[in-house]
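Understanding the architecture of this molecule
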Amino acid sequence: MGFNVAIDGPAGAGKSTIAKRLAKELGFIYVDTGAMYRAIGLYMMNNGIDGADEEAVSSKVEDVVVSLAYEDGTQKVLLNGEDVSGLIRTEKVSAMASQTSAYRKVREHLLDLQRDMAKNNDVLMDGRDIGTTILPNADVKIYLTASVEERARRRYEEYLLKGEAADLEEIKEDIRTRDHNDMTRAVSPLKKADDAIEVDTSHMTVDEVVDHIKNLCKERM
Ligand code: DC
């Protein structure tokens, strides 16, 4: 069994930025489970499946093989053997992944892969249900959050940096909707595990968050 760190929390709290940095500093493997759900979303999109049709998605997911590969410490997501890492970060794939990740069959499809990675390696895994469902015995569980206002502001700045137009109020609404969907779905809703340590990043720098969590890990290693 490897040393397992679970990081859960809503979109925009900084999970992937923090987890990537921390994994590098601790020499752990970073497992981005959101990327796996995105790969399944991409597959459904490419095959013309309606994301709202649970039956169609559930039957089609049987044909999907998601795997992870690591190149210079960076995670690559393979969809039926093809590297799709560059194709899964679009708004369309986000929306599809948000819909399809709510389905039991889709979650079951990824469960063993995620658990096996943690069994065989020291991992830092981020997602929504890692501390509650996937790795209930993780050595360290973190619930990373930030206020809706701060998460919206971060996303707004990302858009501006990319030179894309954005509306702050619209982004806030979108975040509220996403939170509501993630937290109220029937299967594996986003929720702080009872034994998770909550870290609110609203007023913290990336360095401060990384140092704080690194210290929590070191205490238990
Ligand atoms: O973290 P992300 O935005 O890349 O995740 C993409 C989608 O997958 C998002 O709608 C939440 C969902 N997801 C999930 O349901 N469970 C996880 N462990 C990770 C992501």
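Residues numbered from 1 in each chain as written. Predicted model: local features only at pLDDT ≥ 70, side-chain atom pairs only at ≥ 80, totals over all residues. Heavy atoms only, no water.

Taking strand neighbours across the sheet as the criterion, the five strands line up as S2-S6-S1-S7-S8 in an open arrangement whose pairing is parallel. Each edge of the open sheet is held by one strand with a lone partner, namely strand S2 (29–32) and strand S8 (197–200). The sheet shows a mean angle of 20° between the axes of neighbouring strands, direction not considered. Bridge count between strand S1 (residues 4–8) and strand S7 (residues 140–145): four bridges; the pairing is parallel. Bridging from a neighbouring strand, isoleucine 7 pairs with isoleucine 142 of S7. Each of S1, S2, strand S6 (123–127) and S7 touches helix H1 (residues 15–26); the most contacted strand, S6, lies at about 175° to it. (Pairing = 2+ DSSP bridges. Helix = DSSP H or I, 4+ residues; strand = E, 2+ residues; numbered from the N terminus. Axes fitted to C-alpha atoms, helices over the stretch in contact; angles between N-to-C directions. Contact = heavy atoms within 4.5 Å.)

As a further point, take the sheet that holds strand S5 (residues 82–83). Strands sit in the order S3-S4-S5 across an open sheet of three strands; the sheet is antiparallel. Unpaired on one side and paired on the other, strand S3 (66–71) and S5 mark the two borders of the sheet. In the packing of helix H2 (residues 33–46) onto the sheet, the strands contacted are S3 and strand S4 (74–79), and the crossing angle to S4 comes to about 30°.

Another point: the nonpolar core. Membership of the largest hydrophobic core comes to 33 residues, with the highest contact counts inside it found for Ile40, Met44, Val64, Val66, Val77 and Met125. Those elements that place two or more of their residues in this core are H2, S3, S4, helix H4 (91–100), helix H5 (104–120), S6 and helix H6 (130–134). In contact with valine 77, other than residues within four places in its own chain, are Ala35, Ala39, Val66, Ser67, Leu68, Glu82, Asp83, Val84, Ser85 and Ile88. Ranked by size, the runner-up nonpolar core spans 21 residues in total, among them Ile18, Ala19, Leu144 and Leu216. (Core = buried A, V, L, I, M, F, W, Y, C linked by side-chain atoms within 4.5 Å. Buried < 20%, exposed > 50% of the residue type's maximum accessible area, 1.4 Å probe, protein only.)

As a matter of local geometry, the ligand sits amid 13 residues, with Thr33, Arg38, Arg107, Arg128 and Arg185 nearest to it. Between the ligand and arginine 38 there is a distance of 2.7 Å, counted from an oxygen atom to a side-chain nitrogen or oxygen. Within the contact set of the ligand, a nitrogen atom lies 3.2 Å away from a side-chain nitrogen or oxygen of aspartate 129. Elements with a contribution of two residues or more to the shell around the ligand: H2 and H4. Per-element accounting of the shell around the ligand gives the leading share, four residues, to H2. Residues of the shell around the ligand, tallied by class, amount to two nonpolar, five polar and six charged. (Near = heavy atom within 4 Å. Polar contact = N/O pair within 3.5 Å; in protein donor to acceptor, adjacent residues only side chain to side chain. Nonpolar A, V, L, I, M, F, W, Y, C, P; charged D, E, K, R; others polar.)

In summary, the side chains of a regular strand alternate between the two faces of the sheet. Across the five residues of S6, five count as buried, placing the element largely inside the fold. Covered by surrounding structure in S6 are Val123, Met125 and Gly127 together with Leu124 and Asp126, the residues of both alternating faces.

Note that an α-helix has 3.6 residues per turn; residues three or four places apart therefore point the same way. Look at H2: 20 Å from first C-alpha to last across 14 residues, which is about the 20 Å you get at 1.5 Å a residue. Most of H2 is tucked away, with 11 of its 14 residues classed as buried. Taken together, the buried positions of H2 are occupied by Thr33, Ala35, Met36, Tyr37, Arg38, Ala39, Ile40, Gly41, Leu42, Tyr43 and Met44. By the N-cap criterion, in which a side-chain oxygen at the helix start approaches the backbone nitrogen of a residue two or three places on, H2 is capped by aspartate 32, the distance to glycine 34 being 3.1 Å. Just beyond H2, the residue with positive phi is glycine 48, at close to 65°. (Expected span 1.5 Å × (residues − 1).)

Our focus in this paragraph is the side chain of aspartate 8. Its location among the elements puts aspartate 8 in strand S1. Here aspartate 129 takes part through its backbone nitrogen, which lies 3.1 Å from a polar atom of the side chain of aspartate 8. With residues near it in sequence (within four places) discarded, aspartate 8 still touches Lys15, Gly127, Arg128, Asp129, Ile130, Gly131, Ile142, Tyr143 and Leu144.

At a minimum axis separation of 10 Å, H1 and helix H9 (residues 206–220) run at an interaxial angle of 50°. Taken together, the axis directions place H1 and H9 in an arrangement best described as oblique. Between H1 and H9 lies a crossing of right-handed hand. Between H1 and H9, the contacting residues are Thr17, Ile18, Arg21, Leu22, Glu25 and Leu26 on the first element and Val206, Asp207, Val209, Val210, Ile213, Lys214 and Cys217 on the second. Considered class by class, the residues forming the contact of H1 with H9 number eight nonpolar, one polar and four charged. (Parallel < 35°, antiparallel > 145°, perpendicular 65-115°, else oblique. Left-handed = near helix turned anticlockwise from the far one by under 90°.)

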